[in-house]
Each structure stands twice: as structure tokens, then as C-alpha cells.
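What follows is each chain in one-letter form.
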Amino acid sequence: MAMALAHEINQPLGAIVNFAGAARRSLTGRAVRAGELDEVLINIGSEAARAGDVVKSLRSFLKGAPQPSTDACVNAAVKVVLGFAEPAMREQCIDFRLNLAPDLPTVQGDQIILQQIILNLVTNAIQAMGTQPLGHRHLDIRTTREGRSKVRVDVRDTGIGLPAELGERIFEPFITTKVNGSGLGLSIARTLAQRLGGSIEAAAEGAEGSRFTIRLPCRGGDEVADA
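Residues numbered from 1 in each chain as written. Predicted model: local features only at pLDDT ≥ 70, side-chain atom pairs only at ≥ 80, totals over all residues. Heavy atoms only, no water.

Caption draft 1: How the structure looks around the overall build of the protein chain. The number of helices and strands found in the protein chain is five helices and seven strands. Across the protein chain, helices and strands are ordered from the amino to the carboxyl terminus as α-α-β-α-β-β-α-β-β-α-β-β. When the 227 residues of the protein chain are sorted by exposure, 42% land in the buried category. Counting only contacts in the protein chain whose residues sit at least 6 apart along the sequence, the fraction spanning at least 24 positions is 73%. Accessible surface computed for the protein chain: about 11700 Å², of which carbon and sulfur atoms make up 54%. (Helix = DSSP H or I, 4+ residues; strand = E, 2+ residues; numbered from the N terminus. Buried < 20%, exposed > 50% of the residue type's maximum accessible area, 1.4 Å probe, protein only. Contact = heavy atoms within 4.5 Å. Areas by Shrake-Rupley, 256 points an atom, 1.4 Å probe, with all protein chains shown as cover.)

Caption draft 2: Seen up close, the environment of A202. In this fold, A202 is placed in strand β6 (residues 199–204). Residue classification places A202 among the partly exposed residues on the basis of a relative accessible area of 29%. Through-space distance from the C-alpha of A202 to that of F212 is 4.6 Å; in sequence the pair is 10 residues apart. Excluding residues that lie within four positions of it along the chain, A202 makes contacts with L162, I170, F171, R211 and F212.

Caption draft 3: Just the sheet that holds strand β5 (residues 150–157), in detail. One open sheet accounts for five strands, arranged β2-β4-β5-β7-β6; its pairing is mixed. A single partner strand is all that each edge strand has here, and the edge strands are β2 (95–100) and β6. The mean angle between the axes of side-by-side strands here comes to 15 degrees, regardless of whether they run parallel or antiparallel. Sheet strands touched by helix α3 (residues 74–91): β2, β4 (138–146) and β5. Its angle to β2, the strand with the most contacts, is close to 175 degrees. The strands touched by helix α5 (residues 185–195) within the sheet are β6 and β7 (210–217), with β6 carrying the most contacts at an inclination of about 140 degrees. (Pairing = 2+ DSSP bridges. Axes fitted to C-alpha atoms, helices over the stretch in contact; angles between N-to-C directions.)

Caption draft 4: Inspection of unusual backbone geometry at higher detail. Despite not being glycine, C93 shows a phi value in the positive range, around 55 degrees. Inspection of the secondary structure assignment puts C93 in the loop between α3 and β2. By relative accessible area, which is 45% here, C93 ends up partly exposed. Unlike most non-glycine residues, D103 shows phi in positive territory, near 60 degrees. Tracing the backbone through its elements, the reader meets D103 in the loop between β2 and β3 (107–108).

Caption draft 5: Representation of the pairing of β4 in the model. Examined bridge by bridge, β2 and β4 share six bridges and lie parallel to one another. Paired with L100 across the strands is T143, a residue of β4. Pairing geometry for β4 and β5, over eight bridges, is antiparallel. Paired with T144 across the bridge in β5 is R152. The antiparallel pairing of β4 with β5 creates a hairpin that spans three residues between the two strands, and G147 there sits at a positive phi of about 60 degrees.

Caption draft 6: View of the pattern of salt bridges. The final tally for this structure, using the stated rule, is seven salt bridges. Residues joined by salt bridges that share partners form a network here, namely E146, R152, D154, E201, R211 and R215. (Salt bridge = Lys/Arg side-chain N within 4 Å of Asp/Glu carboxyl O.)

Caption draft 7: How the structure looks around the nonpolar core. If you look at the biggest cluster of nonpolar residues, it comprises 45 residues, and the most contacted ones within it are I117 and L139. Elements that contribute at least two residues to this core include exactly α2 (34–62), α3, α4 (111–128), β4, β5, α5 and β7. The biggest single contributor to this core is α4, with nine residues. When residues no more than four places from it in sequence are discounted, the contact partners of L139 are M89, I94, D95, F96, R97, V122, A125, M129, V155, R156 and D157. (Core = buried A, V, L, I, M, F, W, Y, C linked by side-chain atoms within 4.5 Å.)

Here it is, written out as C-alpha cells:
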């Protein structure tokens, strides 16, 4: 649990440091508009609140506490995650395509936990493309419905790919294909997905790149979420 919590709050804490640095640079050597500084402070507050929410949700979730019978919207979670990931994608010149199926049913679970599952896969994809040449960094996120019982999320990248010899071991703790990877993100994502009654699978995408697929059971069979 300690490793999971440390891993998951690293992203919002990193965002807080970046926003604070931006505020300091804004205050150095030039006049600053009140609205500009206010926006940065709002972002810092939002990220701090998100870190607290992640800790609260993960502690309860990983301890096996009964989960509230709530609805979670997959499309909404994808959009929130892209908001978190957008600065890193812009910095690394990653092109992304988003294809969200309309009228997806909801899934049962914590919205924050659902966001963390998707965020781990998107972060993994971004890191996998870090050494690829510019113009060859593409991220594709797609949501679809499988039959009447499942919602599917595909995260495809054009990164370094998946060594065939790893197979399912890619989801084991501390197994990573990246030089600076922790080897925790995929393991945590699969654990959380399984706790929601779902699954995550990995597959190679041609000579380069990979695809990670999340499958989650629909809530109540046919309930539809607003995206």
C-alpha cells in the first residue's frame, strides 16, 4: 500500500512543484496580472486536493473496504486524465487522437480510482515514447462498448514496444522496459481494475508500440453515462 500511495501521488505533487515554479518565474522581473497569478494558485490548490483524494480513495480501496455503490463514467475519466497529461504530451511533442463512443453505460466504482487506472496507462505510454524521434510519437485513446456487459478502453502508443519474453510479467511489480521506470504503474493499474471486476491486457502493436486494453463490467447492464 505504501508503494502504491507513493507512486500515485507523485504526479499531483510534481504538478504542484511545476505550478509553484511558474508562479515564482512570473514574479521575477516583470509586472504580473492578478488574474494570471490567481490561475496558478487555483491550479496548485486543485492538485493538492487531488493528491488528498487519491490518498483517501486508494487507502480505502487497497485495504479492501466495501466500496460505495456509485456510478463512474469512463469517457469523463478519459477527459480528466488528458487534462492532467496534456503538459507532458505538449512538452514531448506527442500527437494524440481521441475517439470516445457516445452513450457508454456507466461502470460501478470510484471515479477517482477509474481516473488513476487510465492515468497510469497514459503515463506509461508517454514514457515509452520518450526516446522515439519527433514525428513518431502518437497516442491513441478509444472507448467502445463490448456487447451488453462491458466497456472497453484502448490506449495505443508508438513507443519502445513490449519484449515478447516478458509476456504477463509486464504487470508484475518492479518489472519495466524503461530506463527510469518504477515498474509500479502497470501493476497498480491492473490491481485496481481487478478490484472493479475488470481486467487489463497488453499486446504489441507491430514492430514498435503497444496497446493496453481495459475491460470493465457495465453497471446494471444498460445504464448510460453523460460524457
